Amino acid sequence: MRASIFILLLSVVAVQQARANEKGRESPWKYRIVNSSPDQSLNKEQAMFDLDFSANNWDSNYPITAIQLSCNGVIQRFGTDPDFRKTILVTPGDYVLQLVADNSSDEITTSSIHIDSGFRTVIAFQFQSGYSQEEYLKPVIYLYPEKAQETTIQLNPNGKFTFTYPVYKENGWAGIAHPDGQFTIEGKNYPYLFWEGINTQSQSKVDYSTGFVVNSDEVTAFLEEKLTEMGLNDHELTDFITFWGPRMVQSGKGFVRFLFNEEYDNIATLAVSPQPTSIFRVYMLFTPLESTIELNPAPQEIKSVDRKGFTVIEWGGSEINYNETLASHE
Amino acid sequence: MNKKISLLIAFTASVLFANAATTPGKPTSKSDLFVPIEFLITSSAPSAALDKNHAKFELKFEDYLLNNGEPLPTIELSCNGVIERFQLDSSLTHTIEVSPGKYKFMMIRTGDYQEIITDSITIPPGYLTKARVNFTPIMREIEPIIIQPIEPIIISYKPVLYFYSPKDLSVNIKLTPNGTFTYTYPAYENGWKGTVEANGGITINKKHYPYLFWEGKTNGVNALVDYNEGFVVSQENVTAFLEEKLTEMGLNDQERTDFITFWGPRMVGSEKNHVQFLFNEAYNDIATLAVTPKPDHVFRLYLLWTPLPESVNLNPVPQKMIQVKRDGFSVVEWGGSELMYNQTLANHD
């Protein structure tokens, strides 16, 4: 009896998993122009944006009930449901739309959109739901063997890949690693291996009790200090800072916590053959903070790489929304 | 019912009824049928701080609109008919000490929001009950506001500069974006001044960097695209397309990989794309570059990438690639922008 219930449960889970994967094939786009065509009901001085929210995952735990829209700085609020379309009458020209949905804490800002006289432009928006997914941004892997050698790298993200370069094949990346960090696959050289991924089921739980609060004017100095302490070389450090620096300075302050080595396995597991002498993996969880939020974390202990023998370095990161529930449980 | 009306009249008569009078009444689409979680008990547990004769409600106001920098609202709260009015503070929390028993709340806030009426809630002796409150905006037709266009600003993403010299060389680099910097690394202080190393990279203030990085908000980028020229690239061809073109230009492994790992993940998010490259002089519309001593070769490459709506079909003339030259002291720079599809430009073709 118990066994049958268990099997039933398992099959339910399996079906849900399959559905989630089906859905997960969609790229995590935030907005896109669906159509732009003349509308007879508009005169020459008019144009119209038609906002479509039907692509959203209307999770009943986190329903999007209201949206705040800023169109070139003019703010409107409106309630919405899965079929809701919002139209905005404008004069022809260039517009930037900014949208915030409740229960999402995801803010979407469009690039500058041009709309022509008498045109109706349909734009679809897709908010990230509350705390239920995580994008793994730009993890890169550098390999430094003592001598050129055949090497295979297998990486299993907790979720799925969205982009890999060079292309991750069924059995992983296989090629020749060189002491200067170059990796050769089928006659082509790559300075590092790159992947990005997404976990559409869950998100890393951030522990606000240890880590760092970083103000936007300290971002560069902070990263330089910590990454140097970790023992990253000039190239790794510059690649990290030029990726994360521009993102981090966009928020007035942020919370930073690093995941080292075994902790990184929650994001993705890594298997390298032959076995490296030292593997160092660092993953940054970055949480933008509203100015009103005060966190006083104990400084996190920084681990460092011991570059002995065949060395493999990987770094990556995610931007995670502030989660008040986690903060107050401390 | 009477209570509800009196509460409304007491507090929102001016706001709500005035709205009902001036707006043509009809709620937007079927939004009025969608019921959000307005009041949700998140926890209820004994609290050591409370004795048997007391109990406490802690209400957390969660509406996202509360966190957007606008003045915090005034809330009128009726607890078993006892009315209390308070201005919400930045904690967004309000506590009510009560005797153990049954309570029914009614709440209204300033602005166009629906009233919240709870069921009867029982609170046992010594308990702390926490709840979250989400006010729902009142749906109504918004008077059409004609919004005016603004000067478009586009982000120039991740331009990086690589320097190559057969021998160590002191250099001075001035880069002037047609707009403003948003990030530079190493820090751009009236220029970058350093030594290009024969074995790669550049040293500035005793620190070694493999390349120089900047990002900025630039003006006029929108107008640079020409849909008659370039390429239409589908999602599944992004990597192969970029590899082919960048190899044809003669970018080296490092430059090509840095470019593809930056733009590839972005471009695969769109099913259909228009791609056009700006080379060398054309790059000056984004940013001008002055390097002393004068390099033997400067190669600058800028990507204009436009995700295309499914309905749009473009047939651009394939753009001719220009090649990097690398003997002597040479500089390579690449960057790019994501543009929105522009119907006007397409019509003028």
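As the structure is a computational prediction, the values presented were derived from the model and not from experiment. (Residues numbered from 1 in each chain as written. Chains lettered and ligands numbered in written order. Predicted model: local features only at pLDDT ≥ 70, side-chain atom pairs only at ≥ 80, totals over all residues.)

Caption draft 1: Region of the structure containing helix 2 (residues 238-249) of chain B. Residue and element names in this part refer to chain B. Under the 1.5 Å per step criterion, the end-to-end length of helix 2 is 17 Å for twelve residues, consistent within 8% with the ideal 16 Å. Here helix 2 has its buried residues at Val-238, Leu-242, Lys-245, Leu-246 and Met-249. Along the axis of helix 2, the buried positions cluster into a sector of 95 degrees, meaning they face one direction only. Exposed and oriented more than 90 degrees from the buried face of helix 2 are Ala-240, Glu-244 and Glu-248. The positive-phi residue at the C-terminal boundary of helix 2 is Gly-250, with phi of around 90 degrees. (Helix = DSSP H or I, 4+ residues; strand = E, 2+ residues; numbered from the N terminus. Expected span 1.5 Å × (residues − 1). Buried ≥ 20, exposed ≤ 12 C-beta atoms within 10 Å, placed from the backbone. Arc of directions from axis to C-beta.)

Caption draft 2: The sheet that holds strand 7 (residues 105-109) of chain B, seen in detail. Residue and element names in this part refer to chain B. Strand order across the open sheet formed by four strands is 4-3-7-8, with antiparallel pairing between neighbours. Because the sheet does not close on itself, it has two edges, and the strands there are strand 4 (82-87) and strand 8 (116-117). Inspection of the sheet shows strand 7 paired to strand 8 by two bridges, in the antiparallel sense. When the sheet's bridge partners are listed, Met-106 is paired in strand 8 with Ile-117. (Pairing = 2+ DSSP bridges.)

Caption draft 3: How the structure looks around the sheet that holds strand 22 (residues 330-338) of chain B. All names here are of chain B. Taken together, the seven strands give an open sheet; going across it, the order is 13-17-11-22-21-19-18, and neighbouring strands pair in mixed fashion. Every other strand in the sheet has two partners, leaving strand 13 (179-185) and strand 18 (231-234) as the edge strands with one partner each. Averaged over all pairs of adjacent strands, the angle between strand axes in this sheet comes to 25 degrees, irrespective of strand direction. Strand direction decides the pairing type here: strand 21 (residues 297-307) and strand 22, joined by nine bridges, are parallel. Across the sheet, residue Trp-305 finds its bridge partner in strand 22, namely Glu-338. (Axes fitted to C-alpha atoms, helices over the stretch in contact; angles between N-to-C directions.)

Caption draft 4: Structural context of unusual backbone geometry. Put simply, Ser-273 of chain A and Pro-274 of chain A share a cis peptide bond, and its omega is 0 degrees. Tracing the backbone through its elements, the reader meets Pro-274 of chain A in the loop between strand 20 (268-273) and strand 21 (278-289). Note the cis peptide between Thr-292 of chain B and Pro-293 of chain B, where omega equals -5 degrees. Positionally, Pro-293 of chain B belongs in the loop between strand 20 (287-292) and strand 21.

None of the figures reported here should be taken as evidence of function without further support.
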